[in-house]
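Report on the structure
Here are the chains, one letter per residue:
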Amino acid sequence: MKFPRTSGGFYAWLFQRLTGILLVILLLIHFAVTHNLPKGGTLTYAVVAPRLATATWKVFDLMFLVCALFHGLNGVWMVIQDYVHSETAQMWIYYGLCTLGLILLILGAITVIPFKA
Amino acid sequence: MAEYLFRIFRYDPEKDEGTKGRVQEYKVDVQEGWTLLDVLVHIKWFMDGTLTFRRACSHGICGSCGMTINGKNGLACETQIKDLGTQVITVEPLRGFRVIKDLVVDMEPFYDKLYAVKPYLITYTPPPSDRERLQSPEDRKLLDGKYECLLCGCCTSSCPTYWADKDFLGPCALLKAAKFSLDSRDEGWAERVNVIDDKHGIWRCHTIFNCVEACPKDLNPTKAIVELRRMALRGRL
Ligand code: HEM
Ligand code: FES
């Protein structure tokens, strides 16, 4: 079975960089707010939960989720393309990674979206 | 004058077929100013006529004598024994290519990648009738660090991405592609981009920089790949 690909690796390359840049920004905000770095803060349920229940943080965490999932799995996909040469094997791994990504996305989303303090 | 021990990779297709080859040791009294190529020639002429390696110019211009010297790729004829700083020196054929005999590797897949990127000036507009195609000094400067390549194979042979993916065009072919694509007189981008904008082309490179370290002419294939990416990106967006 031939595995159709048209972008020649361009989009995998481009979005690995774009999500990488986004991850740096999101991580900095995450550390600054959640962990209150560099001072350090109290991470108790009473402090954290009300913030995580706001719409802003739900959007933030969903972006974090999508970027990290895409970046991580796309990174694995790029490594697979280096080392696995059979088109058929590549295809199965590709759909496997997509399925894994979808499952993790749903798991993440049902944790983030309905959260109430 | 000092005695050095050379541990040289040997592979005889008639005797060693199916093996990974072997290492043979030679003790050589190295004269002042000898390069590794001088040592290899000395071994071949006076110690062991069966030792096989490529060389032609002996002056770092033909690119025949690329090999792995103490684990680092380089030209035997441009490597001063004194500069290696070790008493024991290992010499191996270039990695990533099939060994034909001893230090001689099959460069055919390497040349195939080179031909694939159309490494020549492509033009459609006719040249001026009274002179050659001119270029401004600034445009000519863009080719510095690109035209000097000898095709020795040291860069592509050092590239882990090429080791993993033998269809990867590799740093050398991509440097050549950049050399012609950045030439103000060239009109072949549309043809060349089809070859390099590919999963085995510019997007496969992982910016490992081994090629930069390996190049005996201090060229920068990684930078050339980035320049090609910039051109391809502009074309796509
Ligand atoms: C801090 C922000 C991050 C940045 C700026 C970043 C940047 C990059 C870049 C540029 C690449 C491509 C490298 C290449 O082509 O060789 C890459 C690859 C990769 N990244 Fe990230 N990354 C970040 C965080 C993460 C995180 C959090 C994960 C895990 C979920 C991750 C997993 C991977 C994987 C698996 C690869 C493929 C390995 C490779 O190509 O060498 N990265 N990253
Ligand atoms: S013999 Fe010509 S480059 Fe070394």
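Our subject is the structure listed above.
Residue positions within a chain follow its written sequence, with the count starting from 1. Think of it this way: whatever chain is written first is A, whatever ligand is written first is 1, and the rest follow in order. It should be noted that, the model being predicted, local features are given only for residues of pLDDT at least 70 and side-chain atom pairs only at 80 or more, the latter also being counted only at that level, while totals for whole chains, interfaces and linings use all residues. To obtain the side-chain values, all non-hydrogen atoms of the structure were included, while hydrogens and water were left out.

Residue and element names in this part refer to chain B. Within this document, salt bridges are pairs made up of a side-chain nitrogen of Lys or Arg and a carboxyl oxygen of Asp or Glu, the two lying within 4 Å of each other. Under the criterion given, the structure shown has 18 salt bridges over all chains. Of the charged contacts, one joins Asp-144 and Lys-141 as a salt bridge, the two residues approaching to 3.8 Å between their closest N and O atoms. Between Asp-186 and Arg-192 there is a salt bridge; the shortest N-O distance is 3.0 Å. Each member of the pair, Asp-186 as well as Arg-192, is classed as buried. Connected via shared salt-bridge partners are Arg-10, Asp-48 and Asp-102. Partly exposed residues are those whose accessible area sits between 20% and 50% of the maximum for their type, while under 20% is buried and over 50% is exposed, using a 1.4 Å probe and protein chains only.

Residues and elements named next belong to chain B. You will see that Asn-70, though not glycine, has its phi angle at about 50°, which is positive. Relative to the assigned elements, Asn-70 resides in the loop between strand S3 (66-69) and strand S4 (72-75). Phi at Asp-218 takes a positive value of approximately 55°, unusual for a residue other than glycine. Along the chain, the position of Asp-218 falls in the loop between helix H9 (210-214) and helix H10 (221-236). Segments assigned H or I by DSSP are reported as helices when at least four residues long, segments assigned E as strands when at least two residues long, and all are numbered from the N terminus.

What follows covers the sheet that holds S4 of chain B. Residues and elements named next belong to chain B. The strand order across the open sheet built from five strands is S2-S1-S5-S3-S4, with neighbouring strands paired in mixed fashion. The open sheet terminates on both sides in strands that have one partner only, identified here as strand S2 (22-30) and S4. Strand-to-strand twist across the sheet, computed as the mean angle between neighbouring axes with direction ignored, equals 35°. Each pair of strands is called paired provided DSSP finds at least two bridges between the two strands. Two elements, S3 and strand S5 (residues 88-92), share two bridges in a ladder whose sense is antiparallel. For Ile-69, the partnering residue across the bridge sits in S5 and is Val-91. We call two residues in contact whenever any of their non-hydrogen atoms come within 4.5 Å of each other. Every axis corresponds to a line fitted to the C-alpha atoms, with the helix fit spanning only the stretch in contact, and the corresponding angles, defined between N-to-C directions, vary from 0 to 180 degrees. In this fold helix H1 (residues 36-47) packs onto strand S1 (2-10), S2, S3 and S5, with an angle of close to 100° to the strand it touches most, S2.

The subject of this paragraph is the site of ligand 1. In this text, near means that some heavy atom of the residue lies within 4 Å of the molecule or strand in question. Close to ligand 1 lie 14 residues; Gln-16, Arg-17, His-71 and Gly-75 of chain A together with His-206 of chain B are nearest. This site is not confined to one chain, since residues near ligand 1 come from chains A and B. Under the rule applied, a polar contact is a pair of N or O atoms within 3.5 Å (in protein, one hydrogen donor and one hydrogen acceptor; residues adjacent in sequence only if both atoms are side-chain atoms). Take Gln-16 of chain A: an N or O atom from its side chain is 3.5 Å from a nitrogen atom of ligand 1. Here a nitrogen atom of ligand 1 sits 2.7 Å away from a polar atom, N or O, in the side chain of His-71 of chain A. Secondary-structure elements contributing two or more residues to the shell around ligand 1 are helix H1 (10-33) and helix H3 (55-83) of chain A. For the shell around ligand 1, the element with the highest residue contribution is H3 of chain A, accounting for seven residues. For the shell around ligand 1, the residue count by class is seven nonpolar, six polar and one charged. Think of it as three bins: nonpolar holds Ala, Val, Leu, Ile, Met, Phe, Trp, Tyr, Cys and Pro, charged holds Asp, Glu, Lys and Arg, and polar takes everything else, Gly as well.

We now examine the interface of chain B and chain A. With 13 residues of chain B at the contact, the number on the chain A side is 14 residues. Here chain B and chain A share an interface that buries about 1,300 Å² over both sides, 54% of which is from carbon and sulfur atoms. Per-residue buried area on chain B facing chain A is highest for Ala-164, Lys-199 and Trp-203 of chain B; these three make up 42% of the total on that side. Summed over the shared surface of chain B and chain A, the result is two salt bridges. Note that Glu-87 of chain A and Lys-199 of chain B form a salt bridge whose closest N and O atoms lie 3.2 Å from each other. For the side of chain B that touches chain A, the secondary-structure elements that each account for two or more residues are helix H6 (160-164) and H10 of chain B. The greatest single-element share of the side of chain B that touches chain A, amounting to three residues, is contributed by H10 of chain B. Its residues assigned to classes, the side of chain B that touches chain A shows four nonpolar, two polar and seven charged. Accessible area that two parts lose when put together, evaluated with a 1.4 Å probe and summed over both, is termed the buried area.

This part is about the environment of Tyr-147 of chain B. Residues and elements named next belong to chain B. Among the structural elements, Tyr-147 can be located in the loop between helix H4 (137-141) and helix H5 (154-158). Tyr-147 gets classed as partly exposed once you look at its relative accessible area, which sits at 41%. Between the alpha carbons of Tyr-147 and Thr-90 there is a distance of 31 Å; along the sequence they are 57 residues apart. Not counting chain neighbours up to four residues away, the residues in contact with Tyr-147 comprise Arg-140 and Lys-179.

Residue and element names in this part refer to chain B. In contact at an axis separation of 8 Å, helix H7 (residues 170-181) and H10 are set at 55° when each is read in the N-to-C sense. As summarised for this structure, H7 and H10 are arranged oblique, according to the angle between their axes. In the packing of H7 onto H10, the handedness of the crossing is left-handed. Between H7 and H10, the residues in contact are Pro-171, Leu-174, Leu-175, Ala-177, Ala-178 and Ser-181 and Pro-221, Ala-224, Ile-225, Leu-228 and Met-231, respectively. Of the residues that constitute the contact of H7 with H10, the class distribution is 10 nonpolar, one polar and no charged. What sets the label is the angle itself: under 35 degrees gives roughly parallel, over 145 gives roughly antiparallel, 65 to 115 gives roughly perpendicular, and the rest give oblique. Two helices crossing with the near one rotated counterclockwise from the far one by less than a right angle form a left-handed crossing, whereas a clockwise rotation gives a right-handed crossing.

Purely geometric numbers; function is a separate question.
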